[in-house]
Amino acid sequence: MTPEQLRTALRDVPDPAWLDAACGRVAAEPSSIDRFFPAVGRRCGRGPLPDLPGWTADEAARALLLVALPRRHAEYAENLYRHGDAAERRAVLRALPLLPIGAAGVPLVLDAIRTNDTRLVAAALGPYAGHLDTASWRQAVLKCVFMGVPLTVVADLDERADAELAAMLAGLAAERHAAGRAMPTDAVDLLDQLSAREA
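Anyway, here's the lowdown on the structure attached to this text. Just so it is clear, the model here is predicted, and its values are computed rather than measured.

**Considerations on the nonpolar core**
L66, L93 and L96 are the most contacted members of the largest nonpolar core, which totals 73 residues. The element contributing the most residues to this core is helix α4 (residues 57-68), with 8 residues. When neighbours within four sequence positions are excluded, L66 is seen to be in contact with I33, F37, H73, A77, L80, V92, A95 and L99.

Next up, the structure:
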C-alpha cells in the first residue's frame, strides 16, 4: 500500500477538498492533526473503499494525515492511538507501514493484540506486524484463531508460519476437540499445510 494508492481510492469521498486542505495544514502545523483526525469520519465518510479491499474511507484519510506529518511520526501516532476511539486506533495501525518509524510502533501493535476487539486485532496484523518478534507474532496468530479472526488478515503468514506455530495450533485443536468445539476451517488448513511441510 502506498499514499498514492490511498489518494486514488479516496477520489470520491464527500469532501476531497477538505482532506487536501487538512493534509496541507498538518504538513505546515503538525499539532493540527489532533483537530483533524477525529473529524475525518464526518468529512470523508466511513464506508468501504472498492479499490482498497479491507480499507474504509476514514482509515485511508487518517493514514494520509499521518503521512503528511513532517516529523515526529511515532510520537503523534502513539498519541492519536492512545486517545482515539476504535476507528481512530485502527487507522493508526493501518498507517504504521507507511510511516518512517522503524519498530517504534510495535507497542501499539502489542496493545491492539491484547484487546478483544476483532477489528483492532485484524488491523494490527497487517504488514507492520513484520516488526514483531517471532514469539509475539505466533501468539497473535493463535489469538486470531481463538477469536475467529480470519487468517487472511495476517500478513506474511505463509512465510512466517513454522513448526512451533504448528505445535501451538495442534494443542489448541486438541483442547477444542476435547471440549466438543471445532477449529476454524482456515486454522485447520494452516495446520494441515504446516504438518505436510514438516513431514
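**So, the state of the cysteines**
Per the stated rule, a full pass over the model turns up 0 disulfides. Sulfur of C23: no disulfide; nearest cysteine sulfur belongs to C44 and is 8.5 Å away.

**Observations regarding helix α5 (residues 73-83)**
Along α5, the residues classified as buried are H73, Y76, A77, L80 and Y81. Buried residues in α5, looked at end-on, bunch into an arc of 130°, giving them a common side.

**So, the packing of aromatic side chains**
Evaluation of the coordinates by the stated rule reveals 1 aromatic pair. Taking the centre distance of 5.8 Å and the plane angle of 75° together, the rings of W18 and F36 count as edge-to-face. Residue W18 is located in helix α2 (residues 16-28), and its partner F36 is located in helix α3 (residues 33-44); the two are separated by 18 residues in the primary sequence. For the cation-ring pair, R35 lies above F36, with the distance from its terminal atom to the ring centre recorded as 4.8 Å. The ring of W55 is capped by R94, whose NZ or CZ atom sits 5.0 Å from the centre of that ring.

**Focus on the packing of α5 against helix α6 (residues 86-95)**
At their nearest, the axes of α5 and α6 sit 7 Å apart, and the two run at 150° to each other. Here α6 runs roughly antiparallel to α5, going by the angle between their axes. Read as a crossing pair, α5 and α6 show a hand that is left-handed. Residue-level inspection shows A77, L80, Y81 and R82 of α5 in contact with α6, the latter providing R89, V92 and L93. Each residue belonging to the contact of α5 with α6 can be placed in one class, and the counts come to 5 nonpolar, no polar and 2 charged.

**Some points on helix α7 (residues 106-114)**
Among the residues of α7, those classed as buried are V106, L108, V109, D111, A112 and I113. Residues of α7 that are buried sit in contact with α5, α6, α8 (118-124) and α9 (134-147).

**Regarding the pattern of salt bridges**
Enumeration over the complete set of coordinates arrives at 14 salt bridges. Residue E29 is joined to R25 by a salt bridge in which the shortest nitrogen-to-oxygen separation is 2.8 Å. Take E29: its relative accessible area is 29%, and that puts it in the partly exposed class. As a salt-bridge pair, D162 and R138 come within 2.7 Å of each other at their nearest N and O atoms. Of this pair, D162 sits in the loop between α10 (157-160) and α11 (163-178) while R138 sits in helix α9; the two residues are 24 residues apart in sequence, bridging distant segments of the chain. By relative accessible area, which is 21% here, D162 ends up partly exposed. A residue is classified by how much of its surface remains accessible, and R138, at 16% relative accessible area, is buried. It is possible to trace a salt-bridge network through shared partners that takes in E78, R82, R89, D111 and R114.

Parameters at a glance
Residues numbered from 1 in each chain as written. Predicted model: local features only at pLDDT ≥ 70, side-chain atom pairs only at ≥ 80, totals over all residues. Heavy atoms only, no water. Core = buried A, V, L, I, M, F, W, Y, C linked by side-chain atoms within 4.5 Å. Buried < 20%, exposed > 50% of the residue type's maximum accessible area, 1.4 Å probe, protein only. Helix = DSSP H or I, 4+ residues; strand = E, 2+ residues; numbered from the N terminus. Contact = heavy atoms within 4.5 Å. Disulfide = S-S within 2.5 Å. Arc of directions from axis to C-beta. Phe/Tyr/Trp six-rings, centres within 6.5 Å; stacked < 30°, edge-to-face > 60°. Lys NZ or Arg CZ within 6 Å of the ring centre and 35° of its normal. Axes fitted to C-alpha atoms, helices over the stretch in contact; angles between N-to-C directions. Parallel < 35°, antiparallel > 145°, perpendicular 65-115°, else oblique. Left-handed = near helix turned anticlockwise from the far one by under 90°. Nonpolar A, V, L, I, M, F, W, Y, C, P; charged D, E, K, R; others polar. Salt bridge = Lys/Arg side-chain N within 4 Å of Asp/Glu carboxyl O.

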